[in-house]
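Observations on the three-dimensional arrangement
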Amino acid sequence: MGLLMVPVGAGVGYAVDVPTPPAASSPAVSDEFPQLSPAVARQLDDAVRKVMGEAKVPGVQVALSAPGKGEYVRAFGVADKATGAPMTDSLNMRIGSETKTFTVTALLKLVDDGKIGLGDPIGKYVDGVPNGDRITLRELAGMRSGLFNYSADEGFFKALTSDPDRPFTPQELLAFSFKHPVLFEPNAQFSYCNTNLILLGLVVEKISGQTLADYITEEVIEPAGLKHTLFPTAAEFPKPHAQGYTDQTASGKTEDAADWNPSWGWAAGAMISDLTDLRQWAKVLATGELLTPATQAERLDVVQALPGTGYGLGIFNVQGWIGHNGSLPGYQSLVVYDAQSKATLVVLLNTDISAEGEEPSTLFGQAITKIVTPQHVYTLPAQPVTGDH
């Protein structure tokens, strides 16, 4: 889901009653995942190029693979519109809300270590949270807290876009949320909310005694075998990287956001990675390699968030594709794993500009899965955004 006020993904006020049937399983048994032959690769090439053209995406990286079926790894378009430098499959990218999967994994490792419980109220760890005595860590990770999404606050948007280089502290981000009334009672509904992840990041720091960046690096990134994934502490963006293009600007005009300080996303969206690492992470995340089976089962226990889409603890199940997407100014990501075929799909692109109300990452995911898993296509429905925007 996105971090800013995009038509799909900010989800400030979108609500679904929790008792709706879970979407935990694939809706139907798919045909066998196809061999990724030259003929199928041509189909995929055509599908990706069609989305690029229709959604006006400057550049995109795609990796698709499944055991025994080969792999499809491609880069299309440009990484830098000013120089015309091509997009390649080895460039670093900002990954937006894919960060949430790392933050929640860090939290769940503390659960496995017996240091916290998912049923603990957030007020046990952070003071001043509305309903903090009743909102649990599980409800924060599952987007069921009822707290207002700070990134939908008018003042936040003005503060970010008027000075994209400024650093934000977690406490500043929470202040944008806490001045608003809660949206609903804890666990009453689903509402995608970045505020929840800022709070979970503070819990990880308090209990681990480390910065969130250090804990995620030592307990998640390194054990997962990731070599080019980092949690930046300022605006650093290792080269080589793609430039990123956004219209989430003070002027409303498209600008290059590559060097914006991502501290405003922090535990919800600040991280950087590359295609190779995210292919590895998709499997680690979905199969629970870093967690106990019991904790992974809790993570994957989803409630319906959108039609055909379940949300567990910091993770989506979209028609059987398990993982997360991400959006922040200039970049989008999609990192998912199909448990049925053990297929991995990663899409990274250098714009977050929506295409007729749809996130481009969703359009790529849909076009690709229509070809390889037609019985369960990745489609993250558009959702209304309410609140101050």
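Basis of the calculations
- Residues numbered from 1 in each chain as written.
- Predicted model: local features only at pLDDT ≥ 70, side-chain atom pairs only at ≥ 80, totals over all residues.
- Heavy atoms only, no water.
- Axes fitted to C-alpha atoms, helices over the stretch in contact; angles between N-to-C directions.
- Helix = DSSP H or I, 4+ residues; strand = E, 2+ residues; numbered from the N terminus.
- Parallel < 35°, antiparallel > 145°, perpendicular 65-115°, else oblique.
- Left-handed = near helix turned anticlockwise from the far one by under 90°.
- Contact = heavy atoms within 4.5 Å.
- Core = buried A, V, L, I, M, F, W, Y, C linked by side-chain atoms within 4.5 Å.
- Buried < 20%, exposed > 50% of the residue type's maximum accessible area, 1.4 Å probe, protein only.
- pLDDT = per-residue confidence, 0-100.
- Salt bridge = Lys/Arg side-chain N within 4 Å of Asp/Glu carboxyl O.

**Focus on the packing of helix 2 (residues 99–112) against helix 6 (residues 194–208)**
Working note: a packed helix pair is described by the angle between its axes plus the distance between those axes. It is at 10 Å that the axes of helix 2 and helix 6 come closest, and there the two elements cross at 40°. The angle between helix 2 and helix 6 falls in the class oblique. The element helix 2 and its partner helix 6 pack so that their crossing is left-handed. Along the contact surface, helix 2 presents Lys 100, Thr 103, Val 104, Ala 106, Leu 107 and Leu 110, while helix 6 presents Asn 194, Leu 197, Leu 200, Gly 201, Val 203, Val 204 and Ile 207.

**Let's talk about the nonpolar core**
Counting 117 residues, the largest nonpolar core has Val 60 and Trp 281 as its most contacted members. A per-element tally of this core places helix 1 (residues 38–55) first, with eight residues. Sequence-distant contacts of Val 60, that is, excluding residues within four places in its chain, are made with Val 48, Met 52, Arg 74, Ala 75, Phe 76, Met 87, Val 347, Leu 348, Leu 349 and Phe 364.

**Remarks on the confidence of the model for the chain**
Looking at the chain, the pLDDT average stands at 91 and 90% of residues meet or exceed 70. Low pLDDT (under 50) marks residues 5–30, which in the prediction has 91 contacts with non-local residues, meaning those over four places away or in another chain. This model gives residues 384–389 a pLDDT under 50, and the stretch forms 20 contacts once residues within four places in sequence are excluded.

**Regarding unusual backbone geometry**
Cis geometry marks the peptide bond from Lys 239 to Pro 240; its omega dihedral reads 0°. Although it is not a glycine, Lys 342 sits at a positive phi angle of roughly 60°. Counting through the fold element by element, Lys 342 comes out in the loop between strand 11 (331–338) and strand 12 (343–349). Here the phi dihedral of Glu 356 falls at roughly 50°; this positive angle occurs in a residue that is not glycine. Among the structural elements, Glu 356 can be located in the loop between strand 12 and helix 11 (360–372).

**Here we look at the pattern of salt bridges**
Applying the stated criterion to the full structure yields 11 salt bridges. Among the salt bridges present, the one from Arg 74 reaches Asp 45, with a minimum N-O distance of 3.1 Å. On the criterion of sequence distance, the pair formed by Arg 74 in strand 2 (residues 70–77) and Asp 45 in helix 1 is long-range, its members being 29 residues apart. What makes Arg 74 partly exposed here is its relative accessible area of 29%. Given the relative accessible area of 12%, Asp 45 is considered buried. As a salt-bridge pair, Glu 298 and Arg 138 come within 2.4 Å of each other at their nearest N and O atoms. You can see Glu 298 sitting in helix 10 (residues 293–299) and its partner Arg 138 sitting in helix 3 (residues 137–141), a full 160 residues away along the chain. We classify Arg 138 as partly exposed; its relative accessible area is 29%.

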